[in-house]
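Architecture and fold: a report
Chain by chain, the residues run as shown.
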Amino acid sequence: HFLATGEKLPEPSTREIRDILLGHLENLYSFYGDYTGVRIARKHISWYSKGQRHGAAFRQAVNRIDNAEEQHAMVREFFDRLIEGEEMAA
């Protein structure tokens, strides 16, 4: 878009980031299986959560998870709390 118009698009919302990340995680688990998918997902989760409020503490906690279902749930909970906080502040 920028190359075609010279206009920068707005940053994605926290809700958009959450939804993209959750889909990304499902694809990783599906392609690599739970064991390897969880381990590969850690770096992707780190990228998506970088710059988010309390992201460092979240990354420390989520990187200890060894189960795809728990990892997915923790990611959803983290981003849902961020979204809830943004909505309350608005």
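These lines cover the structure that appears in this document, whether it is placed above or below. (Residues numbered from 1 in each chain as written. Predicted model: local features only at pLDDT ≥ 70, side-chain atom pairs only at ≥ 80, totals over all residues. Heavy atoms only, no water.)

1. Regarding helix α3 (residues 55-62)
By the burial criterion, the buried members of α3 are Gly55, Phe58, Arg59 and Val62. Buried positions in α3, seen along its axis, are confined to an arc of 100 degrees and lie on one side of it. In α3, those exposed residues whose orientation departs by more than 90 degrees from the buried face are Ala57 and Gln60. Close packing links the buried residues of α3 with α2 (14-49) and α4 (68-89). (Buried < 20%, exposed > 50% of the residue type's maximum accessible area, 1.4 Å probe, protein only. Helix = DSSP H or I, 4+ residues; strand = E, 2+ residues; numbered from the N terminus. Arc of directions from axis to C-beta. Contact = heavy atoms within 4.5 Å.)

2. A closer look at unusual backbone geometry
Positive phi, normally seen in glycine, also occurs at His54, with a value near 65 degrees. Examined against the element boundaries, His54 turns out to sit in the loop between α2 and α3.

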